[in-house]
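The residues making up each chain are set out below.
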Amino acid sequence: QVQLVESGGGLVQAGGSLRLSCVTSGRTLSMYAMSWFRQAPGKEREFVAAVSRNGVRTNYADFVRGRFTILRDNAKSTVYLQMNSLKPEDTAVFYCAAKLAAHDYYLKDDPKDYTYWGQGTQVTVSS
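Residues numbered from 1 in each chain as written. Predicted model: local features only at pLDDT ≥ 70, side-chain atom pairs only at ≥ 80, totals over all residues. Heavy atoms only, no water.

> So, the overall build of the protein chain: which residues are in play, and what are the values?
What the protein chain contains, in helices and strands, is 0 helices and 11 strands. If you list the helices and strands of the protein chain from N to C, you get β-β-β-β-β-β-β-β-β-β-β. Compactness check: the protein chain gives a C-alpha radius of gyration of 13 Å against a globular reference of 14 Å for 127 residues, within 12% of the reference. Across the 127 residues in the protein chain, those meeting the buried criterion constitute 45%. Roughly 6200 Å² of accessible area belongs to the protein chain as shown, and the carbon and sulfur atoms make up 47% of that amount. Computed over 15 positive and 11 negative side-chain charges, the separation of the two mean positions in the protein chain equals 4 Å. (Helix = DSSP H or I, 4+ residues; strand = E, 2+ residues; numbered from the N terminus. Rg over C-alpha atoms; globule rule 2.2 N^0.38 Å. Buried < 20%, exposed > 50% of the residue type's maximum accessible area, 1.4 Å probe, protein only. Areas by Shrake-Rupley, 256 points an atom, 1.4 Å probe, with all protein chains shown as cover. Lys, Arg positive; Asp, Glu negative; His and termini not counted. Charge placed at Lys NZ, Arg CZ, Asp CG, Glu CD.)

Now the structure itself:
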């Protein structure tokens, strides 16, 4: 089992940047594919970005491509989401998720595929 704790959310003006962190414990991070999801009030949880074991593969939702970057540092047991050029429509609770993976190319973008979740961190982008 792995425990996930997100941090780094906050209030930022449109066009600004935030870096979210997801600190893990319980198992070595290198065993897991990791993702970020977000959920706005009244909406379903939606995929944002994913990174495979050892960072050999990444995937991004179309609405964040070119603005967000997912990074992992297995030595620090931490996954990051660097968010640039933030827009008001990015406002949501952002969640870190983990899935035990069998190989370095495993990636999923459906929240139902993920086993472990953090508590979420609020990102609010003002116009």
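> Could you give an account of the state of the cysteines, naming the residues involved and the relevant values?
On inspection of all chains with the given rule, the structure shows 1 disulfide. Covalently, Cys 22 is tied to Cys 96 through a disulfide, its sulfur atoms 2.1 Å apart. Its torsion about the S-S bond being -80°, the disulfide of Cys 22 and Cys 96 is classed as left-handed. Pair noted here: Cys 22 is in strand β3 (residues 18-25) and Cys 96 is in strand β9 (residues 92-100), with a separation of 74 residues, a long-range link. Grouping residues by exposure puts Cys 22 and Cys 96 together as buried. (Disulfide = S-S within 2.5 Å.)

> How would you sum up the packing of aromatic side chains? Please name residues and give values.
Going through the model one piece at a time under the given rule, you end up with 6 aromatic pairs. Consider the rings of Phe 37 and Tyr 114, whose centres lie 5.4 Å apart with planes at 75°: the pair is edge-to-face. Here the residue Phe 37 occupies a position in strand β4 (residues 32-39), and Tyr 114 occupies one in the loop between β9 and β10 (116-117), the gap between them amounting to 77 residues. As far as burial versus exposure is concerned, Phe 37 and Tyr 114 are alike and both buried. When the centroid spacing of 6.5 Å and the interplanar angle of 80° are considered together, the rings of Tyr 95 and Trp 117 count as edge-to-face. Of this pair, Tyr 95 sits in strand β9 while Trp 117 sits in strand β10, and the two are 22 residues apart along the sequence. (Phe/Tyr/Trp six-rings, centres within 6.5 Å; stacked < 30°, edge-to-face > 60°.)

> Report on unusual backbone geometry, specifying residues and quantitative values.
We note that Ser 77 has phi near 55°; this positive angle belongs to a residue other than glycine. Among the structural elements, Ser 77 can be located in the loop between β7 (68-73) and β8 (78-83). The residue Ser 85 is not glycine, and still its phi comes out positive at about 50°.

> Kindly report on the pairing of strand β5 (residues 46-51), identifying the contributing residues and their values.
Where burial is concerned, most of β5 is hidden: 5 out of the 6 residues are buried. Taken together, the 5 bridges between β4 and β5 define a ladder with antiparallel strand orientation. Bridge pairing in β5 links Trp 36 to Ala 49. Strand direction decides the pairing type here: β5 and strand β6 (residues 58-60), joined by 3 bridges, are antiparallel. (Pairing = 2+ DSSP bridges.)

> Help me get a handle on the nonpolar core, residues and values and all.
Residues Met 34, Trp 36, Leu 81, Met 83 and Phe 94 are the most contacted members of the largest nonpolar core, which totals 35 residues. Those residues in contact with Leu 81, other than ones at most four positions away along the chain, are Leu 18, Arg 19, Leu 20, Trp 36, Val 48, Ala 49, Phe 68, Thr 69, Ile 70 and Phe 94. (Core = buried A, V, L, I, M, F, W, Y, C linked by side-chain atoms within 4.5 Å. Contact = heavy atoms within 4.5 Å.)

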